[in-house]
Amino acid sequence: MGLSFLSKHLPMQEGQPQVQKTPADIISTVEFNHTGELLATGDKGGRVVIFQREPESKNAPHSQGEYDVYSTFQSHEPEFDYLKSLEIEEKINKIKWLPQQNAAHSLLSTNDKTIKLWKITERDKRPEGYNLKDEEGKLKDLSTVTSLQVPVLKPMDLMVEVSPRRVFANGHTYHINSISVNSDCETYMSADDLRINLWHLAVTDRSFNIVDIKPANMEDLTEVITASEFHPHHCNLFVYSSSKGSLRLCDMRAAALCDKHSKLFEEPEDPSNRSFFSEIISSVSDVKFSHSGRYMLTRDYLTVKVWDLNMEARPLETYQVHDYLRSKLCSLYENDCIFDKFECAWNGSDSVIMTGAYNNFFRMFDRNTKRDVTLEASRESSKPRAVLKPRRVCVGGKRRRDDISVDSLDFTKKILHTAWHPTENIIAIAATNNLYIFQDKVNSDMH
C-alpha cells in the first residue's frame, strides 16, 4: 500500500458560512460501519452526524469515495444527577455500528452514563388511497364510504428517519469510556473506570457485571479501566486495558465474573527510563483487536504497540509516535496534554496501523516494510485531490526547508480520533471540529 492520500475536507457546518467554532462542535468519536458505506461522527454537543459514500457515476468517475451528509440527529441532551449534584454532559463518548440484519441500519451511541440504540431507515414511497382516512389523514364519516379501494405506494423524495429503539440507563456509577458489540450480534458490553457490564440488545432494564476492579476501600485504588473490546470472532473473549499499561484477556466461559483474567499482557519497565511521568505515559488510551483476531493494537502517550495473543511477556512490535516529546513531558503535564487519550486503528489487512498526534499530525506505520510517515490534516494542506506531503519534526541541529521545529508544535491542535475503512484505503480523521477524509492515491487513480 502506498501511503500517499487524496484529501477531502468536510467541515461539520457543511454549506454554512464559516462561523466561530464552539466546544459543542468538537468531534469526540468517529466510526465506519461494517461495509464502510456509512461513517458516523459524534460531538461534544451530543449530536451524531452520519455521512454516506456516494456511488460512482459515469459523469464523475472520481466521485466514488466522496462522503456526503446523510443524516444528523441529537442523540443525547445534558442532564443533571440530583442525588449526586452532578451535571451529566451530552458529549458522545463512543459510537458502535451493529451488523446490518435488514434494510435498516442500527448504531449504539453513549455519553458518560446512558447508552442508546438508534435505528436508521429510508423512505422513498408513501401510501395513498386509504379507505377510512382522507388525504389529510382525518377519519372519514363511515356513512360516506360506499366502495373499497386498494391503497397504492407512490414515489416520494428520499427521507432518512432516525428513531430511538432502546435506552440503556442506570448501568454505570462511573463514566463510560467504551462500548463494544459482540460477534454473536445479540450482546454488547460497556466499560467505565472500574466496571464492565454485559447487556443484551433487547433488554434495557438489567445488565450483568462481568468485571469489577473497585476495591473495598477506595484509598486502595491503584488503577482504572481505560478501554475494552470484544474479540472479533470468539464471542466469549474480550480484552480490557488499564491505566498501568497492562492488558487483560478474559474468557466468559471460565466464570460469570471475569475478575480473574485468562492472560495478562504487560511489558516490564526499563529502569533507565523511569521518571515521575512513567506511570502517566504508560496508561493505555485505546485497544483494538486486529481484523484477524490474532493481534491487539494499543496506544499509550508516546507509542503504539502490537501484541500477539500467544505472547504475553512483551509486545511483538513497538512504534514511536512522537518520541521527541519525551523532553517536554514537564510542560505537557502542566498544560494537561499528557492526559490526552489518543486512539489507534488497523487497516483492512492488518498490515498498516494509524494513530494521531499534535499539530494536526497523524502517523502511519507499515508493519511489513517498517516504513513510517507523518501526515498533516489541515485546511492548508488539504486542497481537493492534492497529495499529502510527508511532514518531519526536527529536534535540533540542521533543519530542512519544510521541517517543523518541536518548539513550534501547536498542542491545541490534536488528532485524538481516527477510523479506517474496513476494506479500502480510506481513512477518517477528526481534527477539532473538522472531519477530513483521505483516500489512497493508487486506489482513486483506478476509478
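Rules of the game
- All chains use their own residue numbering, which begins from 1 and follows the written sequence.
- Local features in this predicted model are restricted to residues of pLDDT 70 or higher, and side-chain atom pairs are both shown and tallied only at a pLDDT of 80 or more, whereas totals for entire chains, interfaces and linings draw on every residue.
- In computing side-chain properties, one takes all heavy atoms of the structure into account and sets aside hydrogens as well as water.
- UniProt positions are given in the numbering used here, feature names are shortened, and annotations may be inferred rather than shown by experiment.
- Only when DSSP finds a minimum of two bridges between them are two strands counted as paired.
- Runs of E in the DSSP output that reach at least two residues are strands. Runs of H or I that reach at least four are helices, and both are numbered from the N terminus.
- Where helices are involved, their axes are fitted lines through C-alpha atoms of the stretch in contact, as for all axes, and angles between N-to-C directions lie from 0 to 180°.
- Classification of residues uses two cut-offs on accessible area relative to the type maximum, computed with a 1.4 Å probe and protein chains only: under 20% is buried, over 50% is exposed, and between them is partly exposed.
- pLDDT is a per-residue confidence score from the predictor, ranging from 0 to 100.
- Between two residues, a contact is recorded if the distance between any of their heavy atoms is within 4.5 Å.
- To define a nonpolar core, start from buried Ala, Val, Leu, Ile, Met, Phe, Trp, Tyr and Cys residues and group those joined through side-chain atoms within 4.5 Å.
- Salt bridge, as used here, is a side-chain nitrogen of Lys or Arg placed within 4 Å of a carboxyl oxygen of Asp or Glu.

As recorded in an unreviewed UniProt entry, the protein goes by Serine/threonine-protein phosphatase 2A 55 kDa regulatory subunit B and comes from Prolemur simus. Per its UniProt entry, the protein bears the Sequence similarities (unreviewed entry) comment "Belongs to the phosphatase 2A regulatory subunit B family."

Engineer: Before we go on, may I ask you to explain the sheet that holds strand 10 (residues 115-128) in this structure?
Structural biologist: Each strand in a sheet pairs with another by means of backbone hydrogen bonds, the pair being arranged parallel or else antiparallel. Ordered in space as 8-9-10-11, the 4 strands form an open sheet in which the pairing is antiparallel. Every interior strand has two partners, whereas the edge strands, strand 8 (94-97) and strand 11 (152-168), have only one. Between one strand axis and the next, the sheet turns by 25° as a mean value, whatever way the strands run. Pairing of strand 8 with strand 9 (residues 105-110), which is carried by 4 bridges, proceeds in the antiparallel orientation. When the bridges of strand 9 are listed, K94 appears paired with T110.

Engineer: What exactly am I supposed to notice about the pairing of strand 27 (residues 372-376) here?
Structural biologist: On a regular strand, each side chain points to the face opposite its neighbour's, so the side chains alternate between the two faces of the sheet. Buried residues dominate strand 27, accounting for 4 of its 5 residues. For strand 26 (residues 361-366) and strand 27, the ladder comprises 5 bridges, and the chain directions are antiparallel. Across the sheet, the residue bridging to M364 is V373, located in strand 27.

Engineer: Is there a simple way to think about the sheet that holds strand 17 (residues 237-242) in this case?
Structural biologist: Overall, antiparallel pairing links the 4 strands, which are arranged 16-17-18-19 in an open sheet. For this open sheet the edge positions go to strand 16 (225-230) and strand 19 (263-265), each flanked by a neighbour on one side alone. Between one strand and the next, the sheet's axes are offset by a mean angle of 20°, whatever the strand orientation. In the sheet, strand 18 (residues 247-251) pairs with strand 19 via 3 bridges, with the strands oriented antiparallel. Across the sheet, the residue bridging to L247 is F265, located in strand 19.

Engineer: Hey, could you run me through the confidence of the model for the protein in this one?
Structural biologist: Detailed conclusions should not be drawn from predicted coordinates in areas where pLDDT is low. Confidence in the prediction of the protein, expressed as mean pLDDT, is 88, and 90% of residues score 70 or more. Across residues 12-19, where pLDDT falls below 50, the model places 13 contacts with residues more than four positions away in sequence or in other chains. Per-residue pLDDT stays below 50 along residues 443-447; that stretch engages in 11 contacts with residues further than four places along the chain or on separate chains.

Engineer: I keep staring at unusual backbone geometry and nothing clicks. Help me out?
Structural biologist: Trans is the prevailing form of peptide bonds, just as negative phi is the prevailing case for residues other than glycine. Of note in this structure, C185 is not a glycine but carries a positive phi near 60°. Here C185 lies in the loop between strand 12 (178-181) and strand 13 (187-191). Residue classification places C185 among the partly exposed positions, given a relative accessible area of 30%. Here the phi dihedral of D336 falls at roughly 70°; this positive angle occurs in a residue that is not glycine. With respect to the secondary-structure elements, D336 resides in the loop between helix 2 (329-334) and strand 24 (344-346).

Engineer: How do you make sense of the nonpolar core when you look at a structure like this?
Structural biologist: A general feature of soluble globular proteins is that nonpolar side chains tend to end up buried together. Membership of the largest hydrophobic core comes to 30 residues, with the highest contact counts inside it found for Y301, V304, L325, L332, I353 and L409. Mapped onto this core, the elements with two or more residues apiece are strand 21 (295-299), strand 22 (303-308), helix 2, strand 24 and strand 26. Setting aside residues no more than four positions away along its own chain, L409 makes contact with Y324, L325, N359, F361, V393 and I404. M354, F362, A377 and Y436 belong to the second largest nonpolar core, which has 16 residues in total.

Engineer: Is there a simple way to explain the pattern of salt bridges in this structure?
Structural biologist: Here the structure, examined in full by the defined rule, presents 22 salt bridges. The salt bridge partner of E424 is R53, with a shortest N-O separation of 3.0 Å. Pair noted here: E424 is in the loop between strand 30 (417-420) and strand 31 (426-431) and R53 is in strand 4 (residues 47-53), with a separation of 371 residues, a long-range link. With relative accessibility at 23%, the residue E424 sits in the partly exposed group. For E376, the salt bridge identified is with R391, shortest N-O distance 2.3 Å. Placement of E376 in strand 27 and of R391 in the loop between strand 27 and strand 28 (393-394) is noted, with a sequence separation of 15 residues between them.

Engineer: What is the right way to read the pairing of strand 32 (residues 434-440) from this model?
Structural biologist: Counting buried residues in strand 32 gives 7 out of 7 residues, a clear majority hidden from the surface. Every second residue of strand 32 is oriented toward a common face, with N434, Y436, F438 and D440 on one face and L435, I437 and Q439 on the other, all of them buried. The sheet contact formed by strand 31 and strand 32 spans 6 bridges and is antiparallel. Bridged to A428 within strand 32 is I437. Between the end of strand 31 and the start of strand 32, which pair antiparallel, lie 2 residues, with T432 showing a positive phi angle near 55°.

Engineer: Looking at this model, I keep getting lost on the environment of M296. Mind explaining?
Structural biologist: Looking at the secondary structure, you find M296 in strand 21. The class for M296 is buried, based on a relative accessible area of 0%. Measuring from C-alpha to C-alpha, the distance between M296 and V387 comes to 31 Å, with 91 residues separating the pair along the chain. Setting aside residues no more than four positions away along its own chain, M296 makes contact with V239, L247, F265, K288, F289, K305, V306, W307, L309 and W346.

Engineer: Would you explain the environment of F73 in this entry?
Structural biologist: Structurally, the position occupied by F73 is in strand 5 (residues 67-74). F73 sits in the buried class, given a relative accessible area of 9%. Separated by 89 residues in sequence, F73 and V162 have C-alpha atoms that sit 7.4 Å apart.

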